[in-house]
Structure formats: structure tokens, C-alpha cells
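Here are the chains, one letter per residue:
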Amino acid sequence: MKKVRVRFAPSPTGYLHIGGARTALFNWLYARHTGGQFILRVEDTDAARNSQEAVDVILNGLRWLGLDWDEGPITSDATGASKGDCGPYFQSQRRENYQQRVEGLLARGLAYEHESAIKFKMTREPVIIEDMVVGRVVRPLTDREELDPDFVIVRSDGQPVFHLVNVIDDLEMGITHVIRGEDHLSNTAKHIALFRAFNVEPPKYAHIPLILNLDGSKMSKRDRGASLATYMEEGFAPEAVVNYLCLLGWSPKGNREKMPLAEIVELFDLPQILRHNARFDMSKLEWLNGEYLREIPRERFQELAVHTFAKAGIDTNQFPLEYVKAALDTCYGKIKKFTDLPAYGGFYFQPDVTISPEAAQKDFVPENLPRLAKLRAAYAQLGTFDAPSLELGLKAVAAELGVKAGVLVHPTRLACTGNSSGPSLYHLLELLGRDKVLERLDLALAMIPA
């Protein structure tokens, strides 16, 4: 039995659609499940639409998801030295292959010139597709005999078309299974005919269901969530996105939802792919992302958190590593998306906090001026500035004033963080340290009307 070889063959159009990312993932999963190989091939024959920037969008997206490919040309740096990293295949670098194959078809009478283009002489018999997901599909060539089923394989400008290059690449790269979106099913009869014209049996096909919006409409690039960049920019954990994409068209036994990737690889197989189209539910993905962030390894949380702060313009490198780790520990398990983090815990790494007028109007009321001043004095006198001592000190002041602890907690939190909610108050005060806490309390006292 042949070793499984699958491929993901995107066109660099400027963004990576979530459906394309799911297609790449299903191919990667099948390769890893079977011990096969996952090939990345960029279909960049349309020079007018392609750019390196668009290619980078695809490569960065796949790397962010953790979908490593197994072979390709070795990339080099500017000096020509090998970097040891295999890049994807590019169709633009394979034009000689296509030309030779077309010449072979012309020589055997299986293709012919037509109005400066070249057309493939399509079989006149129905094509049977034994699809591993859709099932048996019979494609009659035409509904009316007078319609010409022949199709262009090289345009009048000399550019080979998708159908031709797709088949030649799959043939020469030894692809055994073509796993792609169901919207390509209509192309498959042409591809099978081309394979047979090259005297090669076609690969096995598995056309996976489309991803639709929640209302059943087709997902366009304008819909939120259609581009993979959305999740990269909005602070989703790639592990959560991968997990959710697996559930769009594939279902493990037991209706489980949150699953480690290693287990998904072990269970994933093509017969389990569902037949009906998947509905994309952003709220469900956000819920799943929150579940991941509650359980993600702390080292991984800190790595992604530091990256998120950097994107927000907050440089955590200016602070001692132990301080950064301790600060992030107070945020662990408390956010749904990493983009929530700068607002939630950014006060640790900023010289000052910004307090909104609405929040000040609620907590910085005149009656809190003497209360906060008394707490400030108590904190200045504390022998040990740690969380237990800070909690005892606040509760002692509250008891002396005859109020509940919450009366002091809310304005203190606002003064020191700029937020009305956030990490555990006493732990964040300990981390900020006496000098910073007293400084921020002084600034707050100056804001409270007498």
C-alpha cells in the first residue's frame, strides 16, 4: 500500500480563508494519522494577483496553527547559505513541467490548438467519482450532446489553467489523496480525465463540506471570522482555533468538543467527516478559547501574553522577569482572549493608569476621600507589604470606619489599576509594591472632590 501523501494548494490572494485553513488542517491531520506526508504547494501561476506578502500570509497562518509541512525546496538566506528549512513548492517555478506535459498531450492527439489557446479533448463518457466523503458521484459530461465538453488547458497568453497544473502537480508529487472543499467537486471529472490521459490512475478524492455562516449563508471575506488573520490579531490561542476547526465537518465519538491535538490525530479519519455543511459559530469558538486559556500551560500562557503586550505597545522586557511572571500569574485563567489582556493587566507595566470619567464618577465620590486617605496612611505604615497584610490592613480600616470592605476595595482597585475589575486586589497591590501603590492612591485622592 502506498504511503499517504496529501497536499494543501492555496492561491496567494492576500488572506487565508478559514475554510482554506480547515482544509489544510484536515490534510495535515490525515497525514499525521496515517504516518504519511503533508505537502504545501502555492498555486501562484497568476502573476498579476500574486505577491510575496500574500504568500507570507499563508505561511505565517499555517505556522501559527502549527501545521508543519514535510518537504519542499530548501530555502536559503541572502548569501545563498542553506537555512535547512523546506519551503513550499511554487507552481511559478514549474512551468517547464507543464509545457512538457502539454506537448505530450498534443503529440498524442489528446489536446489541440483552438483560437491561439490549447484545449483538452475531454472524454465523451460519464465520469464516475468514488468520493470518500460524498460517496459515488456520476458526472455526465453534458446535458445536451451538441455542447462541447472540451476545455482550455493553456490560455491564449500561454498561461496554463488551474485544471492542468493542479493535476500535473498532483501526479508528479505522488499525491495519493486529494482532500479539498466540496466546491471543487464540479472540477473533479475534468481532473480524473486528465489523469487518465497521462496514463495514471487518479488519487482518491475526499470533498469536505463547506463552512457557512450561522444563518446558512456562504462565508465571504467580509464576514467576521472568514480570515484566519482575525484570530491571530484578536488574541485567540491557536490550540483553540485548531480544536474548533476540527469540529467543523468532523465529529469524534461521544460528542466531545475540547480535545488535545494528539488525541485528535489518533482519532481522525476521512470516513468520520460529516456530509452536511458546517455552521461557523463565533460565540462557541470564544467559549472554547476561554476553556483553553483556563487550562493552557502557564509557560505557554506567559509566552503568548508577552507577545500580546508587545503588539499593544507594552514592553515587558523593561521589567524583571520574576515580576513579569508573577504579574501574568494573577491574570492566568481570567481572560477569554489574549487581546483582553492589555486592558486587564496592562497596569502592571505602565507608569500611570488612565481612569475613565464614568468610573471616577461612581467610585471617586466625596465620601470616599477620607476613607481612601485613611487606607493610604495605614498602607504607608504596614510593616510587611504582602497580600495577607494588605487584606488585614484594609479590613481593619473598614471596621474602624464602620463600612464593609467592598466600600474600600472598589476605589482602591480603580486607583491602582484604572479598572473596576481585574486580578486579586491584594496580590496585585503586593506586586505593584508600596511606592507605586501609595503614588497611585495619591493621584486618586487628588481626583476626588472634597
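Look up a bit, the structure's there.
Residues numbered from 1 in each chain as written. Predicted model: local features only at pLDDT ≥ 70, side-chain atom pairs only at ≥ 80, totals over all residues. Heavy atoms only, no water.

Some points on the environment of glutamate 172
Right, on to step 1. One can find glutamate 172 in helix α4 (residues 162-172).
Right, on to step 2. Linking glutamate 172 and proline 149, residues 23 residues apart in sequence, is a C-alpha distance of 26 Å.
Right, on to step 3. Non-local contacts of glutamate 172, meaning those with residues more than four positions away in its chain, are made with Arg94, Asn97 and Arg101.
Right, on to step 4. Within the local environment of glutamate 172, its side chain forms a polar contact with the side chain of arginine 94, the two groups lying 2.8 Å apart. (Helix = DSSP H or I, 4+ residues; strand = E, 2+ residues; numbered from the N terminus. Contact = heavy atoms within 4.5 Å. Polar contact = N/O pair within 3.5 Å; in protein donor to acceptor, adjacent residues only side chain to side chain.)

Notes on the environment of threonine 123
Right, on to step 1. Inspection of the secondary structure assignment puts threonine 123 in the loop between β7 (117-120) and β8 (127-131).
Right, on to step 2. A sequence separation of 203 residues divides threonine 123 from alanine 326, and the C-alpha atoms of the two residues are 69 Å apart.
Right, on to step 3. One polar contact links the side chain of threonine 123 to the main-chain amide nitrogen of glutamate 125, over a distance of 3.2 Å.

Observations regarding the side chain of arginine 94
Right, on to step 1. Here arginine 94 lies in the loop between β5 (89-90) and α3 (95-107).
Right, on to step 2. Classification of arginine 94 by relative accessible area gives buried; the value is 12%.
Right, on to step 3. At a separation of 2.7 Å, a polar atom in the side chain of arginine 94 contacts the side chain of aspartate 169.
Right, on to step 4. If near-sequence neighbours (up to four positions away) are discounted, arginine 94 is found in contact with Asp169, Glu172 and Met173. (Buried < 20%, exposed > 50% of the residue type's maximum accessible area, 1.4 Å probe, protein only.)

Re the sheet that holds β7
Right, on to step 1. What the 3 strands build is an open sheet, ordered β6-β7-β10; its pairing is antiparallel. Of all strands in the sheet, those bounded by a partner on one side alone are β6 (111-114) and β10 (151-154). Direction aside, the axes of adjacent strands within the sheet are offset by 45 degrees on average. (Pairing = 2+ DSSP bridges. Axes fitted to C-alpha atoms, helices over the stretch in contact; angles between N-to-C directions.)

Functional significance is not addressed by these values, which are geometric in nature.
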